[in-house]
Every structure is written in C-alpha cells, then in structure tokens.
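Each chain, letter by letter, is given below.
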Amino acid sequence: MNPVRSLPVIAASGLLAAFISRVPHPFRVLCGKGGRPSHLVTALFLLATFAAPLAGQPTRADAEKDPVFKAMLQELDRSMSQLQLPGFQKPFFIQYRIVDVEDFETKAAFGANEGSQHNHARIARVTVRIGDYKTDSSGGRGDGALELAALDNDPIALRSALWTATDQAYKNALAAYAQKQAALKQVQTPPQADDFSKEKPIVSLETPLTLTLDQSAWENRVARDCGLYRNDPSVNSARHDVQYSSATFHARLTTTRLVNSEGTIVRKSATGYQESYGVGTQAADGMRLDRSFATTGATLKDIETPQAFQKHAEGLIASLSDLRKAPLVEEEYHGPVLLSSDASTDTLRTLAAGAVVATRPPLGTEARTNGPFANSYHARVLPEFLDIEDDPGLRSFDGKGLVGAYAIDDEGVPAQTVNLVTDGQLENYLIAREPVRDFPQSNGHGRAGVTGLPHPTIGVMKVTAKPAAAALSDEALNRKLLDMAKDRGLKSVYYAATLGPGLAPRLLYRINQDGTRELVRGAILDDLDQRALRSGIVAAGQDLWVANYSGDVPQTVLAPALLFDDVTIRRANEKNDKLPFYPPPE
C-alpha cells in the first residue's frame, strides 16, 4: 500500500536563512551578503531537502497511466470548465467515484449446492456542489447521481457515463440549492457550521488487488458444511428435528477510484470473505429456534479453516437439541445480567457505533448533530472505567485480520484515529466532510457503500476497560455476578452468551447461587439502551472479542464482556407456528 504523504510546503527565505545560520561554516561561506543564501545555495538546499520525499509521491501523470483514471480526469476537467446553465452558478466542487465490484457467491442447503454466481460491475457516482463551502446544494436530491459504467475501459464510453451522471447531478444540485436558499429564509437560527469542509488534496495510488478463488472447492465446502446435521455421526441423531440447514460463501473485491476538482486522486482496493452457516428447528411447543455463525475476514487466511468451521457448525447443531429441551424463561426478571464479549460487541455496535457519528442537524436548530449522543458532547455516556476509540489503521488484533480497517475514506481524506470516549466522557465524534458545530474538519470517516453517499461510519471501534479499575478476568466477573445475586436475595441471575437480531438472546443461561447454570429459551432483553450503557455497567472483562461485520461498509468492533447492574429479561410471547405434520425425508 502506498503511504499517503503530503506535498511539502516551501518555507520563506527568512526561515531558510535561519536554518543555514545553524549549519557549519563551510556551508555558510556559500551564502550571500549578510548571511542570506545565494540562489545557488537555495536551489541546492531545496533539492537536497525535498527531492527524496517528492520522488516517491505519486502524481496525476502516474494516475493517468490507468485508463479509467485518464477518462475520469479528462471528463472532470471538461465539466469544471464547461458545465454551467446560463444565468445560474457553476459548480464549485465535483467528485467522481467509480467502484469496480467483483462478487462470487455460492449457496447450499441440506447438504447440496444450490448454485453459484460470479458478477462484475462498475458503478459511477458523481457529486456536484453548487454555492460555496459555507452554503452549498447538499442535502435532499442535491447529492449526486449514479450511472453504470463500461467494463472494458473504453474512454468515450466511460466519459459518456460520467457526462450523463454529471448533467443529472448538476440539475439536481441547482434545484436543491434553490430550495435550501428558500428554506434558510424561513428560519431565524443560522446554520451552526459550514456545509462542506476544506480538506488538503492528496494523491494515493494503491495497486489493485485480484480475486483469486477455487470456486469448485468452495461449492463443495458449503455443501459439506450444511450437510453435517445428517452426515456427521456426532450430531446426526437429531437430524429429524432440523427444519433448515444452509451455508453460504461470499467473496467480494472492490477497487475504488476517486477524483475531485480540488486535486485529490485516490485508488484503493479491498477484499472481503465470509462463510456463514445457519440451522433451525422448532421446540415441542412450536417456538422457532435458530442458530447461526459466520467467519469473516479481509483475506482468505483470516477466515476459519475447514476443521475449525466444522467444529463451530457441529456446536450449533448440538445446541439446537439442548434448546428444544430447555425451559421457557421466567415471565419477567429485573437484575444483574452478564454479557459475554461476543454479546457485548453486538450490543455496543447497536447502541454506540451509530451514536458517536456526527451528521448535519435540521435547518433552523441549534443542535450540534443528530442521534442519541447529539447533546452529550463532554458529557458522560459510559462508566468512568471505559474508553472508546476508532482506529481505522488497526489492521489486525490478536492474530485476526480486521475488515473495518482502511487508510483513506470515500471522500479522499486520510483516516485518523479518534478518541471518542475517554474516562466515560464523550470527547469526539466521527466526522465526514459535512462539518458540525465545534468540528469543522473531517477526521477521515466518510465511508460509503458501493452505490451510496459517504456518511460518518466506524472503521475499527475498540472498547477497553482500564485494568486498574474494573477490567476483570472471566472468573472474577462470574464471581461478581453471583455476589450481586446474594446481596439482593436473588435465587438466580443471567448470562447471555450470544445475541441475535434485535439483541434477542440466542443462548441465555440462568445461573443459580451455587454456580450451576441452566439453558433457557424464549427471552428478550428489555431496557438495554444508551441509558443502560451510561449508568448500568458495573464491570468489564479483560479480553476483547473481535467481531468483523461484513456488508456494504465493513466494520469491526473489539469489546470485552460487560456486567450490567439491572436489565429486564422477559418472555417474548411470540406466535408459535404449527409443527410439521410429517417427518422429513430419509
């Protein structure tokens, strides 16, 4: 990966003279009268000082060796010079982003492959801004246009796609700018920040990656994995109870090219891989029981080996038999709940990841941003012993690759490590190029899906407890959980090992005072919200769980186990469907 380096700024001659005054006399004798450097000395000094950094700095000429970049830059130059409807403003900013997406996916169910797909597409997104950095056309329909682009690098075809999208984006921007000007006249409170931040242009050219797969091997692997429920002697005794068993492998390669009218030129490339498995059944009372697992990585080496994945799948199948026999959770419980580190990553992604981003508030308000932490700047949002940082540069942790890592965001801004929460207090937000009050610049977190607009999004969110305060071993956490039960006179407390959609427990255990545990089913967690994060966490674990989340914008969360002081657990009381009228085929 090419490092992102800034073009040097040449100092004034006075500063240069001050530097020369500190060097040995043999050099100073070449200076002019009064100790000022001669033109020859100045030239030699600048050459010696800046030639090395500049030698490795990619340029526009380097980018134009890529035929896609060449077409993008030519059309960008033409649009900036020629695009203007008579009587209306010219654009002050245009950005072209072309994303090459190559996808491979294969699916299997009940031990047999259902088919595979291998697709390649090239999508162009054009952003045109009217007005200026303080007030522009962004918002609503003024945020650009999409167009499919040619795959064969034909320059006229590529430029035509960009031309079509640019024309539409300009029309959208004109209409949106007029609407915004009218809306601003209807409010007393002016905007609290500029509409668009000024950022230093960069040139960064990563070498594009390739997607190399043994497709037939993956087709066989997913078929084998989803057939374990009937072919593996260790778990096939319950095969008649399984109502679905499916596996999927998905690989994606994206190569993003981005240019804008400020001079930024970026090419970056990333891969992502995921194998997932899901299995389900019904209890005797008709309750649906589902288990699922996925291994996700930025490279094929990051996902689990066939043996490790098979072991996980066998564990899911075995757990279904235990869940079918498990009793229903009590109707309602209020008290301590321990979330495993696995469950905590899902909880923090749901409750905190979206809360620490800053987006532009509605016109006419004095709000800083939107969301549950909109008014929490410099306020406590977590216990004092917890910190949160987002570090997109962290590419691996504990030997595992992190899919949320990246070097430059989708607005051409280098990613920064951001200390979001320190000693429980919110100190920063994740910012893209739409500033908010007190945060005038991007911190490199404007991330976009293949077709979407950039929005502030986490990369690698790391939650840690201070070791000297409340970071406990697993044994100490369990001991503290039982102590809380005894102090409150509770016969039992709860431990959530894994969570599913909506933070509903998939594996929930009732822990008795003697330490024995019992699997229960049919529960939901109530009042697990931002208030619980702020006031309900009493202890955290030492070890961090690595949770990679695939999707259009890959993310990673690292978090410890969390012990909550008071959480409501109640019975879901959902509709139970009829059981199958006859057994599955042999």
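(A) Region of the structure containing the overall build of the chain. Of the regular secondary structure elements, the chain holds 12 helices and 25 strands. Out of the 586 residues in the chain, the part that is buried amounts to 48%. The contacts in the chain between residues at least 6 apart in sequence include a share of 73% that link residues at least 24 apart. On the chain, roughly 27,700 Å² of surface is accessible, and the fraction owed to carbon and sulfur atoms is 52%.

(B) Representation of helix 5 (residues 67-82) within the structure. Compared with the 22 Å implied by 1.5 Å per residue over 16 residues, the 22 Å span of helix 5 between its first and last C-alpha is a close match. Buried residues of helix 5: V68, F69, A71, M72, L73, E75, L76 and S79, and no others. The backbone nitrogen of V68 has a side-chain oxygen 2.9 Å away, supplied by the residue at the start of helix 5, namely D66.

(C) Expanded view of the sheet that holds strand 23 (residues 545-549). Ordered by their spatial adjacency, 6 strands build an open sheet running 13-12-9-16-24-23, and the pairing between neighbours is mixed. For this open sheet the edge positions go to strand 13 (425-426) and strand 23, each flanked by a neighbour on one side alone. Here strand 23 runs beside strand 24 (residues 555-559); their pairing, made up of 5 bridges, is antiparallel. Bridging from a neighbouring strand, W545 pairs with A559 of strand 24.

(D) Seen up close, the packing of helix 5 against helix 6 (residues 155-184). Where helix 5 contacts helix 6, the two axes come as close as 9 Å, and the packing angle between them is 40 degrees. Looking at the two axes, helix 5 sits oblique to helix 6. Remark: the crossing between helix 5 and helix 6 carries right-handed chirality. Taken together, the residues of helix 6 that come into contact with helix 5 (itself represented by P67, V68, A71, M72, Q74, E75, R78 and S79) are P155, L158, R159, L162, W163 and T166. When grouped by side-chain class, the residues that make up the contact of helix 5 with helix 6 number 8 nonpolar, 3 polar and 3 charged.

(E) Structural context of the nonpolar core. Counting 102 residues, the largest nonpolar core has F249, Y277, M461, L528, F564 and I569 as the members making the most contacts within it. Not counting residues within four places of it along the chain, the set of residues in contact with F564 comprises P336, V337, L339, M484, L528, A532, L533, G536 and I537.

(F) Here's a closer look at the environment of R510. Structurally, the position occupied by R510 is in strand 19 (residues 505-512). The class of R510 is buried, set by a relative accessible area of 15%. Sequence spacing of R510 and V493 is 17 residues, and the spatial spacing of their C-alpha atoms is 5.8 Å. Among the polar contacts made by the side chain of R510, one reaches the side chain of Y494 at a distance of 3.5 Å.

(G) Seen up close, unusual backbone geometry. Its identity is not glycine, yet N153 carries a phi of approximately 70 degrees, on the positive side. With respect to the element layout, N153 can be found in the loop between strand 3 (145-148) and helix 6.

(H) Quick look at helix 11 (residues 474-488). In this model, helix 11 (15 residues) spans 22 Å end to end at C-alpha, consistent with the 21 Å of a helix rising 1.5 Å per residue. When helix 11 is considered as a whole, its buried residues turn out to be A476, L477, L481, L482, M484 and A485. The secondary structure elements touched by the buried residues of helix 11 are strand 8 (332-339), strand 17 (471-472), strand 18 (492-499), strand 19, strand 22 (537-541) and strand 25 (562-571). A positive phi of about 70 degrees marks G489, the residue just after helix 11.

So, how was this worked out
- Residues numbered from 1 in each chain as written.
- Predicted model: local features only at pLDDT ≥ 70, side-chain atom pairs only at ≥ 80, totals over all residues.
- Heavy atoms only, no water.
- Helix = DSSP H or I, 4+ residues; strand = E, 2+ residues; numbered from the N terminus.
- Buried < 20%, exposed > 50% of the residue type's maximum accessible area, 1.4 Å probe, protein only.
- Contact = heavy atoms within 4.5 Å.
- Areas by Shrake-Rupley, 256 points an atom, 1.4 Å probe, with all protein chains shown as cover.
- Expected span 1.5 Å × (residues − 1).
- Polar contact = N/O pair within 3.5 Å; in protein donor to acceptor, adjacent residues only side chain to side chain.
- Pairing = 2+ DSSP bridges.
- Axes fitted to C-alpha atoms, helices over the stretch in contact; angles between N-to-C directions.
- Parallel < 35°, antiparallel > 145°, perpendicular 65-115°, else oblique.
- Left-handed = near helix turned anticlockwise from the far one by under 90°.
- Nonpolar A, V, L, I, M, F, W, Y, C, P; charged D, E, K, R; others polar.
- Core = buried A, V, L, I, M, F, W, Y, C linked by side-chain atoms within 4.5 Å.

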